Amino acid sequence: MLLSCTVCDPERELGPSVGVAFGTYADSRLRVGLEGGLWANDDGEVRESVYRGGIVAQLHPRPDSGLHLVAGLGWSGYRAELITYDAVRLSLGAGWDLPLTEGWVVGNRVMLDAASFGSLQNDVGEVASSVGLSVVTLGLYLRRR
């Protein structure tokens, strides 16, 4: 996770995240659905959290290949004690599905979630404007076919 603004800590924060998605097949090569997730990190005495949610589409360019491309549009929210951030985000990524059993696949995916033009807020008002939030995730998943 990287929060970028004039008053932000410029270091990337690493840590595990969890996500869940529900969807359906629009056709044999395209899946669409809703997804959400959470990342959290204790940075000394401050607990940072990033929440995300939105719509996502997964396209298999070749039906016989496990390769898929992912794109999504949604919301990202950042919380650190009294500091909050909310913005629209764009997600882009790619992954690979491997058949596990007849009804299940296991796979991996790399995704970039990027949000811009939000503002950091506290209980008094705006702390910083034109804030960007980017999250790169390397994920493993299990899903039904």
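Residues numbered from 1 in each chain as written. Predicted model: local features only at pLDDT ≥ 70, side-chain atom pairs only at ≥ 80, totals over all residues. Heavy atoms only, no water.

Caption draft 1: Layout of the overall build of the chain. On a plain count of helices and strands, the chain comes out with 0 helices and 8 strands. For the chain, the sequential pattern of α-helices and β-strands runs β-β-β-β-β-β-β-β. Projected onto its principal axes, the C-alpha coordinates of the chain cover approximately 55 × 25 × 20 Å. The proportion of buried residues among the 145 residues of the chain is 37%. In the chain, of all internal contacts separated by at least 6 residues, the share reaching a separation of at least 24 is 52%. For the chain, the exposed area adds up to about 8,900 Å²; of that, 61% sits on carbon and sulfur atoms. Side chains of the chain carry 12 positive and 17 negative charges; the gap between the two charge centres is 15 Å. (Helix = DSSP H or I, 4+ residues; strand = E, 2+ residues; numbered from the N terminus. Buried < 20%, exposed > 50% of the residue type's maximum accessible area, 1.4 Å probe, protein only. Contact = heavy atoms within 4.5 Å. Areas by Shrake-Rupley, 256 points an atom, 1.4 Å probe, with all protein chains shown as cover. Lys, Arg positive; Asp, Glu negative; His and termini not counted. Charge placed at Lys NZ, Arg CZ, Asp CG, Glu CD.)

Caption draft 2: Structural detail: the pairing of strand β4 (residues 46–59). Where strand β3 (residues 30–43) lies against β4, 14 bridges are found, and the strand directions are antiparallel. Paired with W39 across the two strands is V50, which belongs to β4. Following β3, the chain reverses through 2 residues before pairing antiparallel with β4; G44 in that reversal takes a positive phi of roughly 70 degrees. For β4 and strand β5 (residues 67–80), the ladder comprises 12 bridges, and the chain directions are antiparallel. (Pairing = 2+ DSSP bridges.)

Caption draft 3: Up close: the sheet that holds strand β8 (residues 126–144). Taken together, the 8 strands give an open sheet; going across it, the order is β1-β8-β7-β6-β5-β4-β3-β2, and neighbouring strands pair in antiparallel fashion. Strand pairing shows two members of the sheet lacking a second neighbour, β1 (2–4) and β2 (17–27), which therefore form its edges. Adjacent strand axes in the sheet meet at a mean angle of 15 degrees, parallel and antiparallel pairs treated alike. (Axes fitted to C-alpha atoms, helices over the stretch in contact; angles between N-to-C directions.)

Caption draft 4: Seen up close, the packing of aromatic side chains. Counted according to the given criterion, the structure contains 0 aromatic pairs. Above the ring of Y25, the side-chain terminus of R31 is found at 5.8 Å from the ring centroid. (Phe/Tyr/Trp six-rings, centres within 6.5 Å; stacked < 30°, edge-to-face > 60°. Lys NZ or Arg CZ within 6 Å of the ring centre and 35° of its normal.)

Caption draft 5: Structural detail: the side chain of E13. Note on placement: E13 falls in the loop between β1 and β2. Within the local environment of E13, its side chain forms a polar contact with the side chain of N41, the two groups lying 3.1 Å apart. Leave out the neighbours within four places in its chain, and E13 touches M1, W39, N41, D43 and E48. (Polar contact = N/O pair within 3.5 Å; in protein donor to acceptor, adjacent residues only side chain to side chain.)

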